[in-house]
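# Results of the structural survey
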Amino acid sequence: MLNSHSRLPCLYSGCPVTFKSQHGRTYHIRSIHANSNAHSDTGPRQDPSSVTPLHQNGLDYQDVPPYSSSGPSRKRIEHAHLTAVPCDLDGNFLPPGSTRQERTQRSNADWSPFDDWTQFMIADLLYRHVEMSASNIDLLMKLWLASLEDSGLDTSEPFECHQDLYAKIDSSPLGDVPWQCFITGFSEDLHMPVDAPSWKQMSYEVWYRDPDLAISAMLDNPDFKGHFDMRPYMELDEHGQHCWGDIMSANVSWKHCDKIFASNADAFGAMYCPIILGCDKTTVSVATGHVEYHPLYLSIGNIHNTVRRAHRNAVVPIAFLAIPKSDRRYDDDPEFQKFKCQLYHVSLSAILRTLLLGMTKPAIRRCPDGHYRCIIYDLIAFIADYPEQVMLTGIVQGWCPKCITFPIFSDNLEMPTIPHTRALTEELADFLDSKTLWNQYGIDDDIIPFTNDFPCTDIHAMLSPDLLHQVIKGMFKDHLVTWVGEYLLREHGESKSHKILDEIDRCIAAVPAFSGLRCFPQGRRFKQWTSDDTKALMKVYLPSIVGFVPNEMVTCIATSLDVYYLVHRQNINEDSLKNLDLALIKFIDLREIFRITGSKSHGGVHNRYHALGQMLMTNQRLDKLSAMHSDFVARGMLPAGHILPQNTSYIYQPNNDTSREDDDESNDENGGAVDEKNVLGHVVLARLLARRYPQSLEELSNVVNEPNLPYLTQIFLVDQLHLNDTSLPPITSKISVFHSAVATFFAPSDPSGIYGMQHECIHSTPSWQGKGPRRDCAFVVEDEAKPGMQGLNIVCVQLMFSFKYNNVEYPCSLVDWFTRVSTGNTTGMWVVQLDMEGGRQCKAVVHLDAFLRAAHLIPVYGSNPLPLHRLTDSYSLDTFKFFYVNKYIDHHAHEIAF
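Residues numbered from 1 in each chain as written. Predicted model: local features only at pLDDT ≥ 70, side-chain atom pairs only at ≥ 80, totals over all residues. Heavy atoms only, no water.

### Quick word on the overall build of the protein
- A tally of regular secondary structure across the protein gives 23 helices and 37 strands.
- Each of the 898 residues in the protein was classed as buried or not, and the buried ones make up 49%.
- As presented, the protein carries roughly 44,000 Å² of accessible surface, and 52% of it is formed by carbon and sulfur atoms. (Helix = DSSP H or I, 4+ residues; strand = E, 2+ residues; numbered from the N terminus. Buried < 20%, exposed > 50% of the residue type's maximum accessible area, 1.4 Å probe, protein only. Areas by Shrake-Rupley, 256 points an atom, 1.4 Å probe, with all protein chains shown as cover.)

### Concerning the side chain of Ser-560
- Looking at the element boundaries, Ser-560 is found in helix 16 (residues 551–567).
- Here Ser-560 falls in the buried class, since its relative accessible area comes to 2%.
- Residue contacts for Ser-560: discarding those within four places in its chain leaves Met-475, Leu-480 and Phe-587. (Contact = heavy atoms within 4.5 Å.)

### Observations regarding the confidence of the model for the protein
- Averaged over every residue, the pLDDT of the protein is 80; residues scoring 70 or more account for 80%.
- Confidence over residues 34–70 falls short of pLDDT 50; this stretch has 112 contacts with residues more than four positions distant or in other chains. (pLDDT = per-residue confidence, 0-100.)

### Examining the sheet that holds strand 19 (residues 572–573)
- Pairing is antiparallel in the open sheet, where 4 strands are placed in the order 3-7-8-19. In this open sheet, the two edge strands, each paired with only one partner strand, are strand 3 (75–78) and strand 19.
- Bridge count for strand 8 (residues 242–244) against strand 19 is 2 bridges, and the pairing is antiparallel. Residue pairing across strands places Cys-243 opposite Asn-573, the latter belonging to strand 19. (Pairing = 2+ DSSP bridges.)

### Considerations on the pattern of salt bridges
- By the definition in use, this model includes 20 salt bridges.
- Residue Asp-229 pairs with Arg-76 through a salt bridge whose shortest N-O separation is 3.8 Å. You can see Asp-229 sitting in the loop between helix 6 (211–219) and strand 7 (233–236) and its partner Arg-76 sitting in strand 3, a full 153 residues away along the chain. Here Asp-229 matches Arg-76 in class, with each residue buried.
- Asp-369 is the partner of Arg-373 in a salt bridge, and the nearest nitrogen-oxygen pair spans 3.0 Å. Like Asp-369, Arg-373 is buried. (Salt bridge = Lys/Arg side-chain N within 4 Å of Asp/Glu carboxyl O.)

### Describing the packing of helix 9 (residues 334–351) against helix 10 (residues 386–393)
- One can describe the packing of helix 9 onto helix 10 by two numbers: an axis separation of 9 Å at closest approach and a directional angle of 80°. Between helix 9 and helix 10, the interaxial angle falls into the category roughly perpendicular. Where helix 9 abuts helix 10, its residues Cys-341, Tyr-344, His-345 and Leu-348 lie against Glu-388, Met-391 and Leu-392.
- When its residues are assigned to classes, the contact of helix 9 with helix 10 shows 5 nonpolar, 1 polar and 1 charged. (Axes fitted to C-alpha atoms, helices over the stretch in contact; angles between N-to-C directions. Parallel < 35°, antiparallel > 145°, perpendicular 65-115°, else oblique. Nonpolar A, V, L, I, M, F, W, Y, C, P; charged D, E, K, R; others polar.)

### Section: helix 4 (residues 162–170)
- Buried residues of helix 4: His-162, Leu-165, Tyr-166, Lys-168 and Ile-169, and no others. In an axial view of helix 4, the angular spread of the buried residues amounts to 160°, which keeps them on one side of the axis. (Arc of directions from axis to C-beta.)

### Quick word on a nonpolar patch on the surface
- A contiguous nonpolar surface patch, about 250 Å² in accessible area, is contributed by Tyr-711, Ile-715 and Leu-728.
- Along the polypeptide, Ile-715 turns up in helix 21 (residues 709–721). (Patch = residues over 30% accessible without salt bridge, like charges linked within 9 Å, V, L, I, M, F, W, Y side chains within 5 Å.)

### Let's talk about the nonpolar core
- Counting 87 residues, the largest nonpolar core has Tyr-541, Phe-779, Ile-794, Phe-851, Leu-857 and Val-885 as its most contacted members.
- Per-element tally for this core: the top contributor is helix 14 (residues 467–509), with 13 residues.
- If we skip the residues at most four places from it in the chain, Tyr-541 touches Phe-476, Val-481, Val-484, Ile-508 and Ile-557. (Core = buried A, V, L, I, M, F, W, Y, C linked by side-chain atoms within 4.5 Å.)

### Overview of the packing of aromatic side chains
- Going through the model one piece at a time under the given rule, you end up with 23 aromatic pairs.
- When the centroid spacing of 6.4 Å and the interplanar angle of 75° are considered together, the rings of Phe-450 and Phe-454 count as edge-to-face.
- With a centroid separation of 5.5 Å and 90° between ring planes, the pair formed by Tyr-861 and Phe-880 is classed as edge-to-face. On the criterion of sequence distance, the pair formed by Tyr-861 in the loop between strand 36 (857–859) and helix 22 (876–879) and Phe-880 in the loop between helix 22 and strand 37 (882–885) is long-range, its members being 19 residues apart.
- Among the aromatic side chains, those forming a connected cluster through ring pairs are Trp-111, Phe-114, Phe-120, Phe-159 and Phe-632.
- The cationic tip of Arg-76 hangs over the ring face of Tyr-233; the distance from NZ or CZ to the ring centre is 3.6 Å. (Phe/Tyr/Trp six-rings, centres within 6.5 Å; stacked < 30°, edge-to-face > 60°. Lys NZ or Arg CZ within 6 Å of the ring centre and 35° of its normal.)

### Regarding the side chain of Glu-235
- Counting through the fold element by element, Glu-235 comes out in strand 7.
- At 3.4 Å, the side chain of Glu-235 forms a polar contact with the side chain of Arg-76. (Polar contact = N/O pair within 3.5 Å; in protein donor to acceptor, adjacent residues only side chain to side chain.)

### Some remarks on the pairing of strand 7
- Burial of the side chains of strand 7 is restricted to one face: Tyr-233 and Glu-235 are buried, whereas none of Met-234 and Leu-236 on the reverse face is.
- By the bridge criterion, 4 bridges tie strand 3 to strand 7 in an arrangement that is antiparallel. Its bridge partner lying in strand 7, Arg-76 is registered against Glu-235.
- In the sheet, strand 7 pairs with strand 8 via 2 bridges, with the strands oriented antiparallel. Looking at the pairing, Glu-235 lines up with Cys-243 of strand 8.
- The hairpin turn running from strand 7 into strand 8, its antiparallel successor, is 5 residues long, and Gly-240 in that turn takes a positive phi close to 80°.

### What to know about helix 21
- Taking 1.5 Å of rise per residue, 13 residues should cover 18 Å, and helix 21 covers 18 Å from first to last C-alpha, within 8% of that figure.
- For helix 21, the set of buried residues is Leu-709, Pro-710, Leu-712, Thr-713, Gln-714, Phe-716, Leu-717 and Val-718.
- The elements touched by buried residues of helix 21 are helix 20 (697–703), strand 29 (792–805), strand 30 (808–822) and strand 34 (843–847).
- The positive-phi residue at the C-terminal boundary of helix 21 is His-722, with phi of around 60°. (Expected span 1.5 Å × (residues − 1).)

### Thoughts on the pairing of strand 35 (residues 851–855)
- Strand 35 sits mainly inside the fold: 4 of its 5 residues count as buried.
- Judged from the 4 bridges that link them, strand 28 (residues 777–781) and strand 35 form a sheet pairing that is antiparallel. When the sheet's bridge partners are listed, Cys-777 is paired in strand 35 with Ala-855.

### Here's the deal with the packing of helix 3 (residues 134–151) against helix 4
- Orientation of helix 3 relative to helix 4, taken along the N-to-C sense of each, is 105°, at an axis distance of 8 Å. It follows that helix 3 is roughly perpendicular to helix 4 by the angle criterion. Every residue of helix 4 that contacts helix 3 at Ala-134, Ile-137 and Asp-138 is listed here: His-162, Gln-163, Leu-165 and Tyr-166.
- Looking at the contact of helix 3 with helix 4, its residues break down into 4 nonpolar, 2 polar and 1 charged.

### Some thoughts on unusual backbone geometry
- Here the residue pair Ser-112 and Pro-113 is connected by a cis peptide bond, since its omega of 10° sits within 30 degrees of zero.
- Within the element layout of this structure, Pro-113 appears in the loop between strand 4 (86–87) and helix 2 (117–129).
- Positive phi values are uncommon outside glycine, yet Asn-705 reaches one of about 60°.
- Positive phi, normally seen in glycine, also occurs at Asn-807, with a value near 65°.

### Topic: the environment of Pro-317
- By secondary structure assignment, the location of Pro-317 is in strand 13 (residues 316–320).
- Since its relative accessible area comes to 26%, Pro-317 is described here as partly exposed.
- Each C-alpha atom, one on Pro-317 and one on Gly-278, is 9.2 Å from the other, the two residues being 39 residues apart in sequence.
- Setting aside chain neighbours within four positions, we find Pro-317 in contact with Trp-179, Arg-209, Leu-296 and Tyr-297.

Structure follows, in structure tokens:
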């Protein structure tokens, strides 16, 4: 509360009323000024001693305007009521310009919870480095004590036993939120019959972390500063289109804030914290004997998606749910199925119960910028696959968890549907019996969703599609790839269909290499499909089936891929949504080809959670020791190395022998996320030089079998210097040859760094993984004003080198030019061919600055069968005439190669 002598003025100009409390002013604004325009000249005035709509993106409180621009010609409108105003520890709002409360710094002599440096180092050695067993720790401590007694020293062993060591580690406040466990079961009835099913007699462990503490740790993480939204916002691009990107830009975030403000007087000036949950039951088979786990994950929507994708502690596991098991005869037992669902929801409710108070009364939490704020929690999303959605919502298998419509009409976009809501379910349950609810509305009234224990929370509204299981695995692998196989079997019979599938496998095996793309030496014949297998096959599958299946099938699969890539984009605008709707309608229409051709989709009782608990506690202690070690290093109390004497100076001496590299670059990096600040993109040569190349252009031209290399390089230099074409400058400097270059570009829809940046390698080497040469292709920008491939072209990189002229270094590349042929094919991808002039390939030397990034080409295989011996990916670009520009290689390519 504010001091008693301070009275709060009304925020609307001309209104003389003052108030003793925030509650009174909020009630007055809602009742008297409810229809006023909060952003007009006659709207609320800023009160420097109270609430002010300042703050965005974790920047300093005093430095941020109420509206901000997130890019060129973009406008951001922030929520006017949940304004994330900094406060003190008592919840009193601070005036603008207030400094943040600094985090408490520990003394450089503080080794707590350990007594001193020696005790910490011994614990770190035994538990984290040596991984000594509990019994051996006990034996070591006994021997240590005996040695001290024999020496007559008045001291003691560092730890009494392994429990003492574990307790010391566990007592550290550093590291992740600690794991806890509760035990539950079917019934606490002590008189349960001895012949009761085993699943009724068993108790079940549920391991969990306090979600409130997990969220508090995220909010208090200074690493998120600058990558954190404090207020929901609406963003408009330069054309006035509504844009969506991070969670706080979502319509649902804005709407929920409106509802919270309308129902909770204490929410004014608070910070909205949307909570995202996710579940994915998985089987761990390595060294565990196929043990099933059911982890529950948590994140908050304030953190930018790029940080979440970069795995920067923005998503944490907060629970491992129990998985009841029983004999096979109970697999379809309704009572057992009901128990599993009820246990699931009771567990979720118990795990999340610490969030309940913060959903109605703001909790004081420190944010990444160091300021404290009043936080309002809100369960906004739950990501799950369809089987889990059935369990979450309490619907009948086959029905939609988002709307009420009969399963047979679920693909008909013209059929009217009723949104599935918590209120509708409760209303129907009041008037209808269980059988009617089941048969006519797809509702199982035995299941009460956990969200019913939380205010203003609807599980149907929370559900978010799981792209991995519902689009990648579900739509692509389980349906489309399966349907293609069924079509070939029905159309050609078993023998010929197997031959065609073998031909498809050979095509997939011949796909040229690309950074980050796994190889398919056996085509798509995996012993066990993983998510990485499915994602990789999605990128290269389409060209391999052209000519073997009807064109409508190819276009249908291409459209399904477009749907996936569109929904996975980091930034979406109104045009993106229109394109998504069109693609989805087109896919559903084209899918009829599979119906016409007759293809269709097919639809031990041992508790091992003791091992799970031991694993979680072990990892927790390892994490705490690692965090303590990092803390001691940061405070200068330990060297940056591993276990060293306290007075040892640690000097990092890098390996400076980077002047040469092997010809075989199979171990070179493939690229990935990079934490560079936002740039449009750049390409630089690798740090390492290639071996055994001459250092003059004339000699190099003989080695690479390109006699025109000196002339092409001079023409390149003329263009760079803007000289007269008739005077070719001599190039006498040393030539440096490289086998790779690194392209860095903005690709937030792909795995990227916290700024949305990604890097990848472009290779041009005579030996790759001992199989043959690798000559990558690249996008070259020809006209930035034209959209997509109309402004881009493709080159094949034959050589990368650099030279100096007048003390200026020129990184460049000898390339083969391609020319665009068409885009009007069934795959929806552009087709290119090598540019020829006078029967010779068109070659040129170009500056690396002309490269945008690597491009992936897949041959147009045609109707002629490939050689029975497998054509390797090293020679695909030399064997075929036409190539698809693979826009499905990643999300960035899909955005530019249209």
